[in-house]
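# A closer look at the structure
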Amino acid sequence: MADQADPSPIITIERHILDEQTFHPEATGTLTNILYDLALAGKVIASKTARAGLAEILGLTGDINIQGEKVMKLDRFADLTITRLTDHTGRLAGLASEENAAFMPIPDKYPMGKYLLVFDPLDGSSNVDFNMPVGTIFGIYRRVKESGPVDESEFFQPGRNLVAAGYIAYGTSTMFVYTAGHGVHGFTLDPSVGEFLLSHPNIAIPKAKYFSVNLGYQLYWSLGVQRYTEYLQGHESDIKGLSLRYIGTLVSDFHRNLLAGGVFYYPADSKDPKARTGKLRLLYEAAPLAFIAEQAGGYASDGRGPILDITPDSLHQRTPLFIGNRDLVMKVEDFIRGLDD
Ligand code: AHM
């Protein structure tokens with residue numbers, strides 16, 4: 001008879017990441033520790049986002065809080081949290097954040113490591129004021145040079161080189177989802193013990209249920225993308241129309257579609273010069289999520305080929321993004337090839 005006092009196995013994120021390390025007998029534990037540092041950053045950011053509405057009240061004027069300190073914008077806070085928890089550990093050689101124009105080499109006073117961290121500290125931050133979910137996205141690359149100061153060009157690696165990638169979703173609960181190349185695993189923060197616990201092992205994208213896109217921009221899309229949208233809606237297609245869900249926070253839209261099945265896209269459009277090449281950033285958003293999508297059996301494309309094959313030529317390069325169920329993402333490539341090229 002089962003011992004009623006014996007709890008069911010609880011797998012903490014630390015234990016899971018350590019177990020994953022056994023796939024790599026040569027591993028030194030450095031990557032494991034970077035992931036664990038990021039989980040800690042996630043907890044700190046989650047506790048701050050949960051108090052987001054209070055900042056204004058405490059801040060009186062909105063700028064100065066009751067202690068006379070400046071109220072920091074949440075995306076700046078998230079950026080500094082991640083930087084301060086990872087820059088001194090001797091594990092990284094440099095960091096590049098969507099928040100900062102230039103990458104940050106590890107300061108001279110700290111030891112230099114062999115990995116590069118790229119991240120979007122608070123994706124969807126414009127949603128914070130409306131109590132909607134936000135997220136953090138990260139990717140980890142091995143540095144290219146053996147030693148010496150880091151060059152910006154070392155960050156210009158295709159997503160195929162990613163060693164690990166993940167995101168932290170700050171929603172109704174806080175989740176940490178990552179892959180180190182052996183499947184995608186999700187952990188939910190248990191606030192009562194302050195630990196991420198394995199809740200979603202080996203995530204695989206199920207049959208598509210949703211499509212997610214800002215339909216408000218439809219007029220500005222290419223013909224191929226417009227016809228693809230009609231296809232997803234069930235016009236003259238071999239699929240039943242999908243349901244539309246769009247939050248406007250990439251992490252949340254991607255996370256829902258990863259668990260429930262579906263495709264998210266942010267195509268190039270003609271409405272503003274920045275969006276002509278798409279809005280989302282290759283290095284901080286598209287490539288890490290593309291790695292996760294492929295590990296979960298899905299696919300990500302810029303409409304013409306795999307996101308993971310694109311080598312960036314600048315830190316903040318933008319890209320169109322179509323991501324989710326493999327068959328649906330491949331379908332948009334057919335429409336674009338047939339109607340736009
Ligand atoms: P941000 O980097 O300013 O937060 O913008 C990124 C966000 C994504 O999370 C989301 O998918 C997209 O912008 C939404 O854009 P839009 O409001 O144009 O639909």
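Cut-offs used in this document
Residues numbered from 1 in each chain as written. Predicted model: local features only at pLDDT ≥ 70, side-chain atom pairs only at ≥ 80, totals over all residues. Heavy atoms only, no water. Core = buried A, V, L, I, M, F, W, Y, C linked by side-chain atoms within 4.5 Å. Buried < 20%, exposed > 50% of the residue type's maximum accessible area, 1.4 Å probe, protein only. Helix = DSSP H or I, 4+ residues; strand = E, 2+ residues; numbered from the N terminus. Domains from an automatic or database assignment. Contact = heavy atoms within 4.5 Å. Buried area = accessible area lost by both parts, 1.4 Å probe. Salt bridge = Lys/Arg side-chain N within 4 Å of Asp/Glu carboxyl O. Polar contact = N/O pair within 3.5 Å; in protein donor to acceptor, adjacent residues only side chain to side chain. Nonpolar A, V, L, I, M, F, W, Y, C, P; charged D, E, K, R; others polar. Arc of directions from axis to C-beta. Pairing = 2+ DSSP bridges. Axes fitted to C-alpha atoms, helices over the stretch in contact; angles between N-to-C directions. Phe/Tyr/Trp six-rings, centres within 6.5 Å; stacked < 30°, edge-to-face > 60°. Lys NZ or Arg CZ within 6 Å of the ring centre and 35° of its normal. Near = heavy atom within 4 Å. Areas by Shrake-Rupley, 256 points an atom, 1.4 Å probe, with all protein chains shown as cover.

This brings us to the nonpolar core. Counting residues in each nonpolar core, the largest one holds 43 residues, and the members touching the most others are Phe 155, Tyr 167, Leu 258 and Leu 321. Tallying contributions element by element places helix α7 (residues 282-295) first for this core, with 10 residues. Mapping this core onto the domain boundaries places at least three of its residues in each of domain 1 (13-200) and domain 2 (210-339). Here Phe 155 is in contact with Gly 94, Leu 95, Ala 96, Phe 103, Leu 116, Leu 117, Val 118, Val 150, Leu 283, Pro 312 and Leu 315, once residues within four sequence places are set aside. Ile 13, Ala 78, Phe 138 and Phe 187 belong to the second-largest nonpolar core, a separate cluster that totals 35 residues.

Entries for the chain in the domain assignment read domain 1 (13-200) and domain 2 (210-339). If you average the C-alpha positions of domain 1 and of domain 2, the two centres end up 24 Å apart. Contacts between the two partners involve 45 residues from domain 1, matched on the other side by 32 residues from domain 2. Between domain 1 and domain 2, roughly 2,800 Å² of surface is buried when both sides are summed, and carbon and sulfur atoms account for 67% of that area. Considering only the surface of domain 1 that becomes buried against domain 2, Phe 156, Arg 160 and Tyr 167 emerge as the three largest contributors, covering 23% of it. The partner of Asp 309 in a salt bridge is Arg 160, with the nearest N and O atoms 2.8 Å apart. At the boundary of domain 1 and domain 2, one finds 12 residue pairs in polar contact (both at pLDDT 80 or more). In terms of residue count, strand β4 (residues 134-142) provides more of the side of domain 1 that touches domain 2 than any other element does, 7 residues in total. For the side of domain 1 that touches domain 2, the residue count by class is 25 nonpolar, 15 polar and 5 charged.

This part takes up the pattern of salt bridges. Summed over the entire model, instances satisfying the criterion amount to 12 salt bridges. A salt bridge links Glu 294 to Arg 160; its shortest N-O distance comes to 3.1 Å. One end of the pair, Glu 294, is in helix α7; the other, Arg 160, is in the loop between β4 and β5 (164-170), and 134 residues separate them in sequence. According to the relative accessible area criterion, Arg 160 is partly exposed, its value standing at 42%. Ionic pairing is found between Arg 256 and Asp 253, a salt bridge with its closest N-O pair at 3.0 Å. Residue Arg 256 and its partner Asp 253 are both found in helix α6 (residues 250-260); the two are separated by 3 residues, about one turn of the helix. Here Asp 253 falls in the buried class, since its relative accessible area comes to 0%.

Looking only at helix α1 (residues 13-20), the buried set comprises Ile 13, His 16, Ile 17 and Glu 20. Seen from one end, α1 has its buried residues packed into an arc of 95 degrees, which puts them on one side. Check the buried side of α1 and you find it contacts α2 (30-49), β6 (174-179), β7 (184-190) and β8 (195-200).

Let us now look at the sheet that holds β4. The 8 strands are arranged β2-β1-β3-β4-β5-β6-β7-β8 in an open sheet whose pairing can be described as mixed. A single partner strand is all that each edge strand has here, and the edge strands are β2 (104-105) and β8. Alignment of β7 against β8, held across 5 bridges, turns out to be antiparallel. Bridge pairing in β8 links Phe 187 to Leu 198. Helix-sheet contacts for helix α4 (residues 74-86) involve β1 (92-97), β2, β3 (115-123) and β4, and the interaxial angle to β3 is about 155 degrees.

Next up on the list: unusual backbone geometry. Although it is not a glycine, Asn 131 adopts a positive phi angle of roughly 60 degrees. Tracing the chain through its elements places Asn 131 in the loop between β3 and β4. For Asn 131, a relative accessible area of 74% gives the class exposed.

The next subject is the packing of aromatic side chains. Under the criterion given, the structure shown has 14 aromatic pairs. Centroid distance Tyr 265 to Phe 322: 5.6 Å. Interplanar angle 15 degrees. Geometry classified as stacked. One end of the pair, Tyr 265, is in strand β11 (residues 262-266); the other, Phe 322, is in strand β15 (residues 321-324), and 57 residues separate them in sequence. Here Tyr 265 and Phe 322 have matching classes, each one buried. Of the aromatic side chains, those joined through ring pairs into one cluster are Trp 221, Tyr 228, Tyr 231, Tyr 265, Phe 322 and Phe 335. Positioned above the aromatic ring of Phe 77 is the side chain of Lys 48, whose terminal nitrogen or guanidinium carbon lies 4.8 Å from the ring centre. Sitting over the ring of Tyr 210, Arg 256 keeps its end group 5.6 Å from the ring centre.

Before going further, it helps to spend a moment on the site of the ligand. Neighbouring residues of the ligand: 15 residues in total, closest Asp 123, Asn 214, Tyr 246, Leu 250 and Tyr 266. Glu 98 is positioned with one of its side-chain polar atoms (N or O) 3.3 Å from an oxygen atom of the ligand. In the environment of the ligand, an oxygen atom lies 2.5 Å from a nitrogen or oxygen atom belonging to the side chain of Tyr 246. When the free accessible area of the ligand is taken as 480 Å², the share hidden by the protein chains comes to 79%. When the residues that make up the shell around the ligand are grouped by side-chain class, the tally is 6 nonpolar, 5 polar and 4 charged.

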